[in-house]
Amino acid sequence: MIVNELINPKSIVVIGGSNDITKPGGRVMKNLMDGGFRDNVCVVNPKEDMVQGLKCYRTVGEIPSSDLAIIAIAAKYVPDTIRTLAQEKSTKGFIILSAGFSELGDEGKALEREVVGIIESANGSLIGPNCVGVMNSFYRGAFACAVPRLVPEGCDFVSGSGATASFILEYAIPLGLQFSSIFSVGNSAQIGVEEVLQYWDETFDEKTSSKVKLVYIEKMDKPDLFLKYASSLIGKGCKIAAIKAGTTSAGSRAVSSHTGALAGSDAAVDALFRKAGIVRCSSREEMVNVANVFMHKELKGDRIAVITHAGGPGVLLTDALAKNNMKVPHISGPRADELLSKLFHGSSVANPIDFLATGTAEQLGTILDYVDNEFDDIDAAAVIFGTSGLFDVKDVYAVLNEKMKTCSKPIYPILPSLVQAADAIEMFKAFGRGFFPEEVAFGNALAKVYHTARPATSGSEIKADAKQIRKIIDSCESGYLAPELVGQLLDAVGIPRAKEGTASAKGEAVQLANEIGFPVVMKVVGPVHKSDVGGVCLGIKTDAEAEAAFEKMMAIDGATGVLVQRMASGMEFFAGATKEDKFGHLVLCGLGGIFIEVLKDTAAALVPISSETAHSMIQSLRSYPLFKGVRGKEPIDEALFAEIITRLSALLEAAPEIAELDLNPLLCAGKSIIAVDARIRVEI
Ligand code: ADP
Ligand code: MG
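It should be emphasised that the depicted structure is a prediction, and the values quoted were computed from it without experimental measurement. (Residues numbered from 1 in each chain as written. Chains lettered and ligands numbered in written order. Predicted model: local features only at pLDDT ≥ 70, side-chain atom pairs only at ≥ 80, totals over all residues. Heavy atoms only, no water.)

Caption draft 1: Just the state of the cysteines, in detail. Enumeration according to the criterion identifies zero disulfides in this entry. Cysteine C155 shares no disulfide, and the gap to the nearest cysteine sulfur, in C281, comes to 11 Å. (Disulfide = S-S within 2.5 Å.)

Caption draft 2: Structural context of the coordination of the magnesium ion (ligand 2). Taken together, N664 (O) and D677 (OD) make up the full set of protein donors to the magnesium ion (ligand 2), lying 2.1 to 2.3 Å away. With a gap of 13 residues between them, N664 in strand β27 (residues 658-669) and D677 in the loop between β28 (672-675) and β29 (678-682) connect regions that are remote in the sequence. (Donors = N, O, S within 2.8 Å, 3.2 Å for Na, K, Ca; no water. Helix = DSSP H or I, 4+ residues; strand = E, 2+ residues; numbered from the N terminus.)

Caption draft 3: View of the site of ligand 1. The local shell around ligand 1 holds 19 residues, among which K523, K530, S531, R566 and E572 are the closest. Take Q565: an N or O atom from its side chain is 2.9 Å from a nitrogen atom of ligand 1. In this structure, an oxygen atom belonging to ligand 1 sits 2.9 Å away from a side-chain N or O atom of D677. Protein burial of ligand 1: of its 540 Å² of free accessible surface, 86% is covered by the chains. For the shell around ligand 1, the secondary structure elements donating two or more residues are β21 (520-525), β22 (536-540), β23 (561-566) and β27. Among the elements that make up the shell around ligand 1, the one with the highest residue count is β27 (three residues). Partitioned by chemical class, the residues of the shell around ligand 1 number nine nonpolar, four polar and six charged. (Near = heavy atom within 4 Å. Polar contact = N/O pair within 3.5 Å; in protein donor to acceptor, adjacent residues only side chain to side chain. Areas by Shrake-Rupley, 256 points an atom, 1.4 Å probe, with all protein chains shown as cover. Nonpolar A, V, L, I, M, F, W, Y, C, P; charged D, E, K, R; others polar.)

Caption draft 4: Representation of the pairing of strand β2 (residues 41-44). The alternating pattern of β2 places V41 and V43 and C42 and V44 on opposite faces, both of which are buried. Taken together, the four bridges between strand β1 (residues 12-15) and β2 define a ladder with parallel strand orientation. Each bridged residue has a counterpart across the sheet, and for I12 the counterpart in β2 is V41. Bridge analysis of β2 against strand β4 (residues 54-57) gives two bridges, and the strand direction is parallel. Opposite V43, over in β4, you have C56 as the bridge partner. (Buried < 20%, exposed > 50% of the residue type's maximum accessible area, 1.4 Å probe, protein only. Pairing = 2+ DSSP bridges.)

Caption draft 5: Up close: the packing of aromatic side chains. Under the counting rule described, the total for this entry stands at 14 aromatic pairs. Relative to F385, the ring of F355 has its centre 5.7 Å away and its plane inclined at 45°; by these criteria the two rings are tilted. You can see F355 sitting in the loop between β16 (353-354) and α13 (361-373) and its partner F385 sitting in the loop between β17 (380-384) and α14 (394-406), a full 30 residues away along the chain. The burial state of F355 is the same as that of F385; both residues are buried. Grouped by ring-pair contacts, the aromatic residues F573, Y624, F627 and F641 constitute a single cluster. A cation over a ring is seen here: K55 above Y57, with NZ or CZ 4.8 Å from the ring centre. (Phe/Tyr/Trp six-rings, centres within 6.5 Å; stacked < 30°, edge-to-face > 60°. Lys NZ or Arg CZ within 6 Å of the ring centre and 35° of its normal.)

Caption draft 6: Up close: the sheet that holds β22. Within the open sheet, the four strands sit side by side as β20-β23-β21-β22. Their pairing is antiparallel. Two strands close off the open sheet at either side, each with one partner strand: β20 (500-503) and β22. For this sheet, the mean angle separating the axes of adjacent strands, direction not counted, is 20°. Pairing of β20 with β23, which is carried by four bridges, proceeds in the antiparallel orientation. When the bridges of β23 are listed, T502 appears paired with L563. Along the sheet, helix α19 (residues 506-516) contacts β20, β21 and β23; its crossing angle with β20, the most-contacted strand, is approximately 170°. Across the sheet, helix α20 (residues 543-554) lies against β20, β21, β22 and β23, angled at about 180° from β22, the strand it touches most. (Axes fitted to C-alpha atoms, helices over the stretch in contact; angles between N-to-C directions. Contact = heavy atoms within 4.5 Å.)

What follows is the structure, given as structure tokens:
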């Protein structure tokens, strides 16, 4: 969809270019020329002969052929202009900066459709309308953007919001982050975020393409394509950080399950990012820090050496890393003693490695060599080095730059003295380096990158009894399935459940209770939320209690029978699924029972789910320590819980008609995990 004329045009026309650089048409021309694109640029403006030193044509009919048109005129003039460009001037690339299209309602939508139609019939590509433009190492076709250093190895960046694109650059440029290309896709009339990902994927070249991709997206209209191209890029060795802003409500979806209430499209986005291996960010600051981490050598482990000449920030960083499950291991032994002997008296190498306010550039070099060559249980170094203003730190930053080149482990520069060391920081940036201004934000970003799960490599490995599942599903109608059918489906996929049966007469209930074995639980069949209507009776120990409970259950409005179930015990977790428009099935798990809606401690993944992904879901729960056993409580069998998740995934694959599914609670006690309440709603 993206043609080469849009990426690397040999000639550009600016329609609506002017001398006024406070207007988009004037500013984009200035940016183009400042970026070195001066030849083969022309301008169309009916009121001028020369614009910013370039020949200006009165009408588009007079211009020479142009590969790319950047358009900054009122929306109503756009269709005729691009028709001439597409049909008479061989123009293939179009960037429409102008607003006044689909964002303004039906009339604007029609205008936008007309424009897309004209461009598509000429096999052209359109960025916008209503966008800030495009910048890459060939040309700067954007207005109102702070311009970063554009180099092939910089980040590729696509944004669904022009303003946010500009503000991300405003934050990134002072920190030395370099870019390779920037696409502001505006209304995404033809090319949106998904198509830019597709372009990056299809043109990816191991040797020349940037490996860092940044995405800001507001509306995810094509999650399937997003997932496909993002996964493919990550599979090719790219790293992606993305912000998905705005969480739309789940719309008209009937939400009657716990899982449904907890899901919604934001959980689906989380799941999609998890599946692809995208690092999800929530602020510009975080995105820029994560991007900066990406620009360093690959971090192979979680053990960090904190190197500093100032105690406080070293401790802050150590705390931030530890809080985020990273390690700052104690360093000792003969090699450590040897290093200590080369530093000033009073230094410490135990980690944090503190080489004092008087520490020198040479000492920093020595420390980094030791970290790289001698300390095997360290995977990376974070160097915090600023100045009180009494010392020039240029020599230190020069050493830092050299060691970042030569050392095999990543070295992260945290340069806090934005004012006092401004000159030295400029020098460091001129080496092509980015840096981190603040240690805690750095620590959080590093941990986030490190802990983002690798993309799922396989689907669910479970073999479900698909024939049996289809037999059940094919014979049922839309709505909630009866408990017996729910039970049969769980059995067909091997999800452990409590021994149970349904009774419609008192004698039958008592007999069932005896067969199952006291103590039992009795539950009303009919109402969806049983506890809410007093429809759950726990701890029934005798025939008489069973009879009384049966009567109580059958007196409830809507009761059609009574479920008799073996009483179990354990910690309450849940697992469930919803069907999300365009995303497919989303499986959630987390802390269940009465805490489910209060704590909202959940993890989500998209079907199909591998065992690896299921484990990563469990491990990302805040309540994960419960799986390890706390305060004398038995640990929970993580492998079995993960298996239940993959079995759920297999069930959903075999029965895509399942719209909502809830196993709440799953009672977890040591090696036993069983479903005591299951609900399934199907849409046939
Ligand atoms: P609902 O969710 O419709 O209110 P449940 O079947 O989940 O009904 O029962 C409510 C609560 O009762 C559960 O969260 C759990 O704490 C407890 N419970 C239900 N069944 C059992 C059982 N077989 N053994 C032990 N506790 C149970
Ligand atoms: Mg329940």
